[in-house]
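The chain contents come next:
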Amino acid sequence: MQDNQVQIFDTTLRDGEQVPGCKLDTSQKLVIAERLDLLGVNVIEAGFPVSSPGDFTSVSEISKIVKNATVCGLTRAVENDIKVAAAALKYAKFPRIHTGIGTSDSHIKFKFNSTREQVIERAIKAVSYSKSFVEDVEFYAEDAGRTDNAFLAKVCEAVIKAGATVLNIPDTTGYCLPEEYGAKIKYLRENVKGIEKVILSCHCHNDLGMATANSIAGVINGARQIECTINGIGERAGNTALEEVVMVLKQHPYLNLSTSVNTKLLYDTSILVRESMGMPVQPNKAIVGANAFAHSSGIHQDGVIKNRETYEIMDPEDVGVTESAIVLTARSGRAALAYRAKKIGYELTKVQLDIAYNAFLIIADKQKEVRDEGIHGIMKEVDKVSKIAVT
Ligand code: KIV
Ligand code: ZN
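What counts and what doesn't
- Residues numbered from 1 in each chain as written.
- Chains lettered and ligands numbered in written order.
- Predicted model: local features only at pLDDT ≥ 70, side-chain atom pairs only at ≥ 80, totals over all residues.
- Heavy atoms only, no water.
- Near = heavy atom within 4 Å.
- Polar contact = N/O pair within 3.5 Å; in protein donor to acceptor, adjacent residues only side chain to side chain.
- Areas by Shrake-Rupley, 256 points an atom, 1.4 Å probe, with all protein chains shown as cover.
- 1 Å grid on protein atoms, 1.4 Å probe; cavity = no way out; pocket = protein on both sides within 12 Å on 5 of 7 lines; lining within 4 Å.
- Sits in = over half its atoms within 2 Å of the grid points.
- Helix = DSSP H or I, 4+ residues; strand = E, 2+ residues; numbered from the N terminus.
- Buried < 20%, exposed > 50% of the residue type's maximum accessible area, 1.4 Å probe, protein only.
- Pairing = 2+ DSSP bridges.
- Right-handed = clockwise from strand over helix to strand, strands pointing away.
- Donors = N, O, S within 2.8 Å, 3.2 Å for Na, K, Ca; no water.
- Domains from an automatic or database assignment.
- Contact = heavy atoms within 4.5 Å.
- Buried area = accessible area lost by both parts, 1.4 Å probe.
- Salt bridge = Lys/Arg side-chain N within 4 Å of Asp/Glu carboxyl O.
- Axes fitted to C-alpha atoms, helices over the stretch in contact; angles between N-to-C directions.
- Core = buried A, V, L, I, M, F, W, Y, C linked by side-chain atoms within 4.5 Å.
- Points joined across faces, edges and corners; volume = space filled by probe spheres on them.

Moving on: the site of ligand 1. Inspection of the region around ligand 1 gives Arg14, Asp15, His98, Tyr140, Glu142, Asn168, Pro170, Thr172, His203 and His205 as its neighbouring residues. At a separation of 3.1 Å, an oxygen atom of ligand 1 approaches a polar side-chain atom of Asp15. A distance of 3.1 Å separates an oxygen atom of ligand 1 from a polar side-chain atom of His203. When isolated, ligand 1 has an accessible area of 260 Å², and the protein chains bury 92% of it. In this structure, ligand 1 is accommodated by the largest pocket. Of all elements in the fold, only α1 (12-16), β5 (136-142) and β6 (166-171) reach the threshold of two or more residues within the shell around ligand 1.

Given below as structure tokens:
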């Protein structure tokens, strides 16, 4: 693996699917897993095999069909979870067990009624036991975002010694600020013996809307894996959105960090996930929302019609969207109306455009958007006054 390559770990089928309303059956999961493999993600977290017989079957079936990506199964730091995950991953070409335990004082005290020392012991045991089944073992320090850095470093050092290949540093509660999360990754890189042998992974939740910013801060500070989901689905306010981190890295080449994701498949993959889960995406969602490449104000529309780059920092085709949309509203100007009219065959003179625009404003003030049928109606009116050239 090249040093500037960021591994994309997709957890749509685990952290994403565990959300109420997002439940999928095995056949739906297989379709998504195949698409994720085609998309070019490096790791597919296929599920939490011990959680239900259905999830076990899904992880096992996904393991059989995925050709390129590593297939990963989640466990707690519990022997039986690990044994069951290993069985579910039996057919995977590249299997990974993802095991771990909460490391923040709040988790240690309230979830486990335990001590820091006992948690380190359980972490070591879980990793060593996982290693008896597979070579590739990822360890998560749950609630690492609120874990004291010095203690987190101790945990990391211990699990590296036990054989962990990837260290996941989750901001489980979405609490961190980007500077803080980036500094945590930097601290671990500078203070953990053996850290150069493993990949540090960012797993950020979006409770304060920081998941993407935190993940990017993580990779800028030396992490080389981002855990994310399509459309950012996941617990509570969701996980880091895959399409966002991938496009951030693509659109900022000076960071010298890249991914193996085929960005042209992002939009279709987003549609597949929203439709199979029945989980709609907000229109203003970055990259894949319905309005992500739509322009509605006259000033912006005029600029985009002259040159797309005036108001677009990425080419819609790069994410699989065929073209930008010029949406006609009461805020649109003459340039937008002429552009949309031309698209459906009307070539207007300056005088005709003036007539059409006045008619348009009357309609646009009454409705949210003027569509093609509305334009045809306006053109009939204009035609009564002066013949329009139809292209
Ligand atoms: O958010 C989290 O901490 C998790 C772990 C189980 C990896 O999802
Ligand atoms: Zn999570």
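After that view of the structure, there is still more to cover.
This next bit is on the pairing of strand β8 (residues 225-228). Moving residue by residue along a regular strand, the side chains alternate between the two faces of the sheet. Where burial is concerned, the two faces of β8 agree: the one with Gln225 and Glu227 and the one with Ile226 and Cys228 are both buried. Across 4 bridges, the pairing between strand β1 (residues 7-10) and β8 is parallel. From the neighbouring strand, Gln7 faces β8, where its bridge partner is Gln225. With helix α9 (residues 211-220) bridging strand β7 (residues 199-204) and its parallel neighbour β8, the resulting β-α-β unit is right-handed.

The protein atoms that coordinate the zinc ion (ligand 2) are Asp15 (OD), His203 (NE2) and His205 (NE2), at distances spanning 2.0 to 2.1 Å. For the zinc ion (ligand 2), the single-chain donor residues occur in sequence as D-x187-H-x1-H. Here Asp15 is found in helix α1, whereas its partner His205 is found in the loop between β7 and α9, with 190 residues between them in sequence. The two residues Asp15 and His205 agree in class, both being buried.

Once the domains are mapped, the chain shows domain 1 (7-277) and domain 2 (294-390). For domain 1 and domain 2, the distance between their C-alpha centres works out to 45 Å. Contact residues are listed per partner, giving 7 residues for domain 1 and 7 residues for domain 2. With both chains or domains summed, domain 1 and domain 2 bury close to 590 Å², and 54% of this area falls on carbon and sulfur atoms. Inspection of the region where domain 1 meets domain 2 yields 1 salt bridge. Between Lys264 and Asp318 there is a salt bridge, with its nearest N and O atoms 3.7 Å apart. Of all the secondary-structure elements, those providing two or more residues to the side of domain 1 that touches domain 2 are α10 (242-251) and α11 (266-277).

In the Ramachandran plot, Asn113 falls in the positive-phi region, its phi being about 45° despite a non-glycine side chain. One can find Asn113 in the loop between α5 (105-111) and α6 (116-131). Judged by its relative accessible area of 70%, Asn113 falls in the exposed class. The residue Arg236 is not glycine, and still its phi comes out positive at about 50°. Following the sequence through the fold, Arg236 ends up in the loop between β8 and α10.

What follows deals with the sheet that holds β8. Within a sheet, neighbouring strands are paired by backbone hydrogen bonds and run either parallel or antiparallel to one another. Pairing is parallel in the closed barrel, where 8 strands are placed in the order β1-β2-β3-β4-β5-β6-β7-β8. Mean inter-strand twist for the sheet, computed between neighbouring axes without regard to direction, equals 25°. One ladder, built from 4 bridges, connects strand β2 (residues 43-47) with strand β3 (residues 70-74); its direction is parallel. Looking at the pairing, Ile44 lines up with Val71 of β3. Sheet contacts for helix α3 (residues 53-65): β2 and β3; angle to β2, the most-contacted strand, approximately 150°.

Another point: the nonpolar core. Residues Ile8, Phe139, Leu167, Ile169 and Leu242 are the most contacted members of the largest nonpolar core, which totals 85 residues. In terms of residue count, helix α7 (residues 149-162) provides more of this core than any other element does, 9 residues in total. Among all residues touching Leu167, those that are not within four sequence positions of it are Phe139, Cys156, Val159, Ile160, Ile195, Val198, Ile199, Leu200 and Ser201. In this structure, Leu337, Ala341, Tyr357 and Met379 belong to the second largest nonpolar core, which totals 19 residues.

Turning our attention to the environment of Ser104. Residue position: Ser104 is located in the loop between β4 (95-102) and α5. Sequence separation of Ser104 and Leu152 is 48 residues, and the distance between their C-alpha atoms is 8.4 Å. The residues contacting Ser104, other than those within four sequence positions of it, are Glu142, Asp143, Arg146 and Thr147.

Estimates place the volume of the largest pocket at around 460 Å³. Every residue lining the largest pocket is counted, 25 residues in all, and those nearest its centre are Arg14, Leu74, Lys111, Tyr140 and Glu142. At the level of secondary structure, the elements contributing two or more residues to the lining of the largest pocket comprise α1, β4, β5 and β6. Counting residues per element, the lining of the largest pocket draws most heavily on β4, which supplies 4 residues.

This next bit is on the pairing of β5. Taking burial as the measure, the 7 residues of β5 include 6 buried ones, the bulk of the element. Two elements, β4 and β5, share 7 bridges in a ladder whose sense is parallel. Paired with His98 across the bridge in β5 is Glu138. Between the parallel pair β5 and β6, the chain is carried across by α7, and the sense of this crossover is right-handed.

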